[in-house]
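# Structural description and commentary
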Amino acid sequence: MTTINPSVLASLLQHVPQESRSIAVRAAVDSIRQGSVSEIGPLGSLLGQYPDSDAEQNLALHLRELLDDGKTPATTELPDGIRDDLLGYAVICLERTVGDLVRGRGRSVEVSMERMPGLLANREAEVDSGAEEAILDFQHIKFLLAFARSSVRSDSPKNVVDGLLNAAIVLSGCADRDIASAASSVLSWQVKLGLTDDTSRASQLWSWLQALLSSSEAFYRNLAFSLWLRCASSHGKLLLQWMKTTYWSLLQEGMQNGDAERRKQCLAILRQSVVLAAGIDSLCGTIGNDLVTTKDIGPPVKPELKDSAALVEQYERYCTVFETVLLGRYLNQVIATKPDLDFLSKSTSLVRTAWLHVLLAAALHPKIQDSNRKFIGNWIMRSKFQSECSAEFVRFLESAFLPWATQGSLFTSTLSEDEGRLRCTHGERLADYICGLLEANAVNNTLALSIVDAVLDLIVNRRSGNFAYASVYLLEGVAQGLQVSPAVRLEQKQLRRIADLSTWAALPEVARDFVFLRCLKLCAESPTSSTSTNDRATSRAGSRWSELQKLLQDSTSDVLLRGPVAAWDTKSSKRDQLEAAALEKCGYLRALLNGEARISAEVLMTQVEDIWSEMEYLEYPKNLLMQMPSLILHKTTLALAQDHNEVMRMVSARMSDLQTLSASRVYLFPPFACAIRNLTIFNDGATDLLDIEDLIICYADCLPEPTVDLRLEDATTYLLQSIEPNMTARFGYEYYFGKRGMFGVAALIDLVSRMGSTNITQAIFDRLLQRWAKQRAPVPSVSSWKTTLQLQLMLLTCEQILPHLDAEAVLQKLHYVLSIEPLPRYRYLLSWIIARIYLQKKDPQQRILSELGTKDHHSNPKYLASLLKIGVMIAKTEGTDPEFAFKLACAFVPLAASSKVVIRHEAQWQIPRLMDHAETHGWDQITGNAAFVALNDYIRSLERYEIPPLERQLDRFDPVLDHTMTNLVEGPWYGLDSTESPLCGRVDFLALWEGDAQQGIQKLEACIPLGDPIVLPTIAPHESSIAGTSSVENAQALTPSKGDVSRALQTKGTAYLTSGLENEAEQSAKRNELIVVASLVDNPYNLGGLSRVSEIFGASEMHLQNQNVTSNKDFSNVSVSSHVHLPMFQLSATAVVEYLMEKKRDGWSIVGIEQTDRSVLLGTEACKLPRKTVLIIGGEKEGIPALVLGECDLLVEIPQQGITRSLNVQTAAGIVLFEYTRQHRGVESSRVDHYS
């Protein structure tokens, strides 16, 4: 049969009689089966002009057949009846599919249907439970869904719309995710057309959204939020029917626990929902904070809520803060939100406190970068945040704040010295916050106790895995809160748990004693415990506290020698018994060594090795380990070592072991250093017998440092002492760990200062100096091997060997070290050593004058400045030749006018000091010189001279008056930089010498006097130099190229030469099926870069918010005419979603560059970029909006290795475009390596 062309027939029918037209139309319909699908549209128009029921029925049957074959007929020109019939047929097919799915939903439907019982009942009734499961054609289902989406209209029949809605709902939960996505698209389209505004449909859709949101699969939750967002952006009427408690709680859950994409979606929904709710009085109470609560008038009413604009404005402020903290996440921007956080946390804020809890809980999540979490957590504690007295706030504490606040790293990273004591800043801040919460809620005992319960729950439930010192500070916070808030009364439940905590043994030593004593005191002093005696544990704890009070008030009690308080009445373990037995052996051996009868070498070695073996078996317990130095380095042991080589070898081996152990056990260092000192300086020949040279050098290079655990224990001792000051004040650091490390350093320094002019003293000096002299410029300011102690010991040893020193050779090395050393404190000590040598050796003083006479002020200005100071030091000492001082003053004149700031300022500072000394000693050659006098007067007239800056006060030095041990170990020069703190102090030497006096020991004279206590200089209000400018360092000159070395020059890329594309026309023809959408980017500079990389990597076109940007200078500077070779189209940001939906219908895949939970890493096997790709580039600040994310089929994330968490948009786009090119154009592996 020949096909009849409908267009031709329409023209002919105008000349055919009316009664014959129906026959022609029917013939045309019959012939369409042999024709093209494209002719159906014109045929539909023909039927519209010449209606015929039989023809319409035949056409409808044909169209159904086409649908069954998977062919899409054009329905836009068909009569409404035929279109509705065809859509109804498609819906029937989909409903039949739904029935098949329901029958086998255990494998085919992922989402639980429990929320849709009515829908399931209808479908299950239509299927035979005993029938075989149908074989589903998933491709055909997707085809039907696509057809239904394109065919449904706002005026489609109600039964068809209802059927399509039901089918799309079930299919959006299908296990096949392509079908689920297609069904979700149908639902979105129905929402847009307003077909779901009906109450029953709205309710049905909301129930299904909740079912999707409860799914364990992120894919289905994402479908739900995308659909919810579509509802929010399309029809407010729909949202208004959903706004109940569940609505807001689901939004809060998505914002708190979702990824970046989910949070963007929820924020967009929240913004629209607030605008809608604020305009309706009955809904204002669901979003506004309640300031007025009245039982007599029903629901709480807030007068301010009548101003809907203020409510919307404050929620917008909240959303902006949320975006900044959770989506932007740049620390400087997060810090800038503090005023907004302060405002939102006030009781006058209109934003419900539940939303603030959501923000803070999300910001404290472990996935958020640590610096931002710290800021939010510290803001909570500093602001004493407590939004309201409610169980909701307590849940926030339990679930979000306390888990963050008890991380060990927060405690360890905030340990610092403050006013002579070690503090844990975070721990103290946490304790103050807990205390403040209890104090603020003292009037509500129930709520206060719920806060106590939250703290105790965390301590008890995480006892095995909790950071020990977190429990310490939490418990301290509770105790302080109860002390300042007597109205808060603990109940038996809390007291019982606290009493149980007092028996917690799995804690470090000091922490255990703190928990033990603090819990006992809480139980004893609680008013509840005095009125109730039902609980035995609480009563026992109170009784134990009373016993300890009596015991601790007895200062003569021997029990204080028994170590940790918590162990006083605890049954000893087997390990404790073994340690006690070993300590008894130590006491027995000490008695033998101190006895008048000389112990034999065999007995000594047997006893020492026996104790050492037990100590190793017990893993070096502290108390036992601290006994060993005084036994191994006893004077009797030394006497036996002089006569017995095996004893000498044992002593040497154990000294080496003790030194190694002290590196990680700093409490061993003081007794070890004191034992070495006492043995060496009080026993002749000890230095020759013991290898103390290496030991001193080793400690000079690296002193033992306290471990983090020990520092935390140290900080805890101060808390322990504050529990009951008149009882627990004695339980300080020394009670648990003996003398501090500073005491050991003092013993080491004192030992070196009393060694005298011996070979070992000389060897120590030579070894220390040699290492410093081997350095080569440029020298780093801080080096891992250089220490202040090395120079301090170098000074002490040099002082003792000066009479025999080769001054010229040593000064040459010291001058070299001074010339290259950048750190101020090291330069100070080097100048001290050099000045002391010049005082003792007068002949080399001319060297200073010679070097100061140089006209080269640029090579090393700092070195010349140091020589100026040293010269004045020497000139001001007694016995100095006036001629030397005069020559020095002459050298100062040109130096005071030097072009180098460092030299000029130093000369200006030193000239008045030299003139004062010259006037005191009557050196007329200097004081009578008019040039010197004029220069001196001018310098003294400068404003900065009367109030010298701090660095000038710190680095002043008199080589005679300031040559003291006190200045050496804790002088003001430590303030010149912040690389190290003083290693010991004057008080440590006084304590050391007091111990010597008590033992009646006569010491060798030290090479340096102790000196008077240091009076620190007052900090000047200004700390700039005289001329008001800072010192300027010489820049390192560029090293010139050698003849055989070439420097690379930048060249243009030549990869295009091997691309195989011979001309521009071929290049255009070979462009990829890749569209770049940059409509969300605002910055012209970034847009120019995007144009450049898009053109280079063969994109077919690029879309911009405004095409006029191509004439912007910033754009053209970066794009370098790339936009001339790349088609540019205008696409507004608001039209992006519609554009993407259209491209998806045309078979394109949407790919976005964004960091979300569903993002795949670029370059991995999972990241397959489709050939037909529309690439979405997000905005500079907010990235890709939620609505656009919902249209993305694939999100990609660029793998990162560094700390910076984001790339510039054009850089990120370039990386993704290259990966697309690599996947679809077969780039050779060698070229991939080149670009990687």
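Looking at an unreviewed UniProt entry, one finds the protein chain named tRNA/rRNA methyltransferase SpoU type domain-containing protein and attributed to Recurvomyces mirabilis.

### Some remarks on the overall build of the protein chain
Counting secondary structure elements, the protein chain contains 64 helices and nine strands. Here the protein chain holds 1236 residues, and the buried ones make up 51% of them. Of the contacts formed within the protein chain by residues at least 6 apart in sequence, a portion of 76% connects residues at least 24 apart. Just so you have it, the protein chain exposes about 56200 Å², and 50% of that area is on carbon and sulfur atoms.

### Side note on the packing of helix α24 (residues 425-440) against helix α25 (residues 445-461)
Helix-helix packing: each pair is described by the crossing angle between the helix axes and the interaxial distance. Two elements in contact, α24 and α25, have axes separated by 8 Å at closest approach and are oriented at 155°. With respect to α25, the element α24 is oriented roughly antiparallel. For the pair α24 and α25, the sense of crossing is left-handed. Taken together, the residues of α25 that come into contact with α24 (itself represented by Ile434, Leu437 and Leu438) are Ala448, Ile451, Val452 and Val455. Split by residue class, the contact of α24 with α25 holds seven nonpolar, no polar and no charged.

### Some points on the packing of aromatic side chains
Applying the stated criterion to the full structure yields 36 aromatic pairs. Between Phe219 and Tyr220, the aromatic rings sit 5.0 Å apart at their centres with planes inclined by 85°, giving edge-to-face as the arrangement. Taking the centre distance of 5.5 Å and the plane angle of 35° together, the rings of Phe411 and Phe467 count as tilted. A residue pair is termed long-range when its members are at least 10 positions apart, and Phe411 in helix α23 (residues 408-412) and Phe467 in the loop between α25 and α26 (468-484) qualify at 56 residues. Ring-pair connections join several aromatic residues into one group, and the members of that group are Trp206, Phe225, Trp228, Trp242, Tyr247, Trp248, Tyr318, Phe322 and Trp355.

### Re the nonpolar core
By size, the foremost hydrophobic cluster in this structure holds 317 residues, and its most contacted members are Trp228, Trp242, Tyr318 and Phe401. If we ignore the near neighbours within four places in the chain, the residues touching Tyr318 are Met255, Leu270, Leu344, Val351, Trp355, Leu356, Val358 and Leu359. Counting residues in each nonpolar core, the second largest holds 33 residues, with Ala1078, Met1102, Val1160 and Leu1217 among its members.

### Some words on the pairing of strand β6 (residues 1149-1153)
Within a regular beta strand, the side chains point alternately toward one face of the sheet and then the other, so they alternate between its two faces. Burial analysis of β6 places four of its five residues in the buried class, which makes it a mostly covered element. Where β6 meets strand β8 (residues 1173-1176), four bridges bridge the pair, whose relative direction is parallel. Within β8, the residue paired with Gly1152 across the bridge is Ile1176. With three bridges connecting them, β6 and strand β9 (residues 1194-1197) associate as parallel partners.

### Overview of the sheet that holds strand β7 (residues 1160-1161)
Strand pairing in a sheet takes place through backbone hydrogen bonds and is either antiparallel or parallel in direction. The strand order across the open sheet formed by seven strands is β5-β4-β3-β8-β6-β9-β7, and the pairing between neighbours is parallel. Unpaired on one side and paired on the other, β5 (1128-1130) and β7 mark the two borders of the sheet.

### Section: the environment of Leu551
Turning to its location among the elements, Leu551 is positioned in helix α30 (residues 536-553). It is 9.2 Å that separates the C-alpha atoms of Leu551 and Met727, two residues lying 176 residues apart in sequence.

### Observations concerning α25
Helix length check: α25 (17 residues) gives 23 Å between terminal C-alpha atoms against 24 Å at 1.5 Å per residue, within 8%. Here α25 has its buried residues at Leu447, Ala448, Leu449, Ile451, Val452, Asp453, Ala454, Val455, Leu456, Leu458 and Ile459.

### Things to note about helix α36 (residues 645-664)
Taking 1.5 Å per residue, 20 residues should reach 28 Å; α36 reaches 30 Å between its end C-alpha atoms and fits that length. What α36 keeps buried is the set Val647, Met648, Met650, Val651, Arg654, Met655, Leu658, Gln659, Leu661 and Ser662.

### Some points on the state of the cysteines
Counted under the stated rule, the structure contains zero disulfides. Lacking any disulfide linkage, Cys523 is separated from the closest cysteine sulfur, that of Cys519, by 6.6 Å. Residue class for Cys523 comes out buried when judged on its relative accessible area of 1%.

### Here's the deal with the confidence of the model for the protein chain
Across the protein chain, the average pLDDT comes to 82, with 83% of residues at 70 or higher. Mean pLDDT across the elements of the protein chain ranges from a minimum in helix α64 (residues 1229-1235), with 39, to a maximum in helix α45 (residues 788-801), with 96. For the stretch residues 1019-1069, pLDDT sits under 50, and the model shows 46 contacts to residues farther than four places along the chain or on other chains. Low pLDDT (under 50) marks residues 1227-1236, which in the prediction has eight contacts with non-local residues, meaning those over four places away or in another chain.

### Re the pattern of salt bridges
In this structure the tally under the stated criterion is 46 salt bridges. Glu1191 is the partner of Arg230 in a salt bridge, and the nearest nitrogen-oxygen pair spans 3.4 Å. Separated by 961 residues along the polypeptide, Arg230 in helix α12 (residues 218-234) and Glu1191 in helix α62 (residues 1186-1191) bring together distant segments of the chain. Since its relative accessible area comes to 8%, Arg230 is described here as buried. Residue Asp977 pairs with Arg825 through a salt bridge whose shortest N-O separation is 2.6 Å. Residue Asp977 is found in the loop between α56 (965-970) and α57 (986-998), and its partner Arg825 is found in helix α47 (residues 824-840); the two are separated by 152 residues along the sequence. Residues joined by salt bridges that share partners form a network here, namely Arg230, Lys1144, Glu1191 and Asp1193.

### Concerning unusual backbone geometry
The phi angle of most residues is negative, glycine excepted, and most peptide bonds adopt the trans form. With an omega of 0°, the peptide bond running from Ala777 to Pro778 counts as cis. Positionally, Pro778 belongs in the loop between α44 (759-773) and α45. Phi angles above zero are rare outside glycine, and Glu619 is one such case at about 60°. Here Glu619 is to be found in the loop between α32 (601-617) and α33 (622-625). Among the residues examined, Glu619 registers a relative accessible area of 62% and is labelled exposed. The residue Ser1121 is not glycine, and still its phi comes out positive at about 65°. By the secondary structure assignment, Ser1121 is in the loop between α60 (1113-1119) and β5.

### Digging into the pairing of strand β2 (residues 421-424)
Across four bridges, the pairing between strand β1 (residues 415-418) and β2 is antiparallel. When the bridges of β2 are listed, Leu415 appears paired with Cys424. The loop that links β1 with its antiparallel partner β2 comprises two residues; one of these, Glu419, has a positive phi angle of about 55°.

### Here we look at the side chain of Glu476
Its location among the elements puts Glu476 in helix α26. Overall, Glu476 belongs to the buried group, its relative accessible area being 4%. A polar contact of 3.0 Å, which involves the side chain of Glu476, links it to the side chain of Arg518. If near-sequence neighbours (up to four positions away) are discounted, Glu476 is found in contact with Ala431, Phe514, Arg518, Leu719 and Ser722.

The rules we used
Residues numbered from 1 in each chain as written. Predicted model: local features only at pLDDT ≥ 70, side-chain atom pairs only at ≥ 80, totals over all residues. Heavy atoms only, no water. Helix = DSSP H or I, 4+ residues; strand = E, 2+ residues; numbered from the N terminus. Buried < 20%, exposed > 50% of the residue type's maximum accessible area, 1.4 Å probe, protein only. Contact = heavy atoms within 4.5 Å. Areas by Shrake-Rupley, 256 points an atom, 1.4 Å probe, with all protein chains shown as cover. Axes fitted to C-alpha atoms, helices over the stretch in contact; angles between N-to-C directions. Parallel < 35°, antiparallel > 145°, perpendicular 65-115°, else oblique. Left-handed = near helix turned anticlockwise from the far one by under 90°. Nonpolar A, V, L, I, M, F, W, Y, C, P; charged D, E, K, R; others polar. Phe/Tyr/Trp six-rings, centres within 6.5 Å; stacked < 30°, edge-to-face > 60°. Core = buried A, V, L, I, M, F, W, Y, C linked by side-chain atoms within 4.5 Å. Pairing = 2+ DSSP bridges. Expected span 1.5 Å × (residues − 1). Disulfide = S-S within 2.5 Å. pLDDT = per-residue confidence, 0-100. Salt bridge = Lys/Arg side-chain N within 4 Å of Asp/Glu carboxyl O. Polar contact = N/O pair within 3.5 Å; in protein donor to acceptor, adjacent residues only side chain to side chain.

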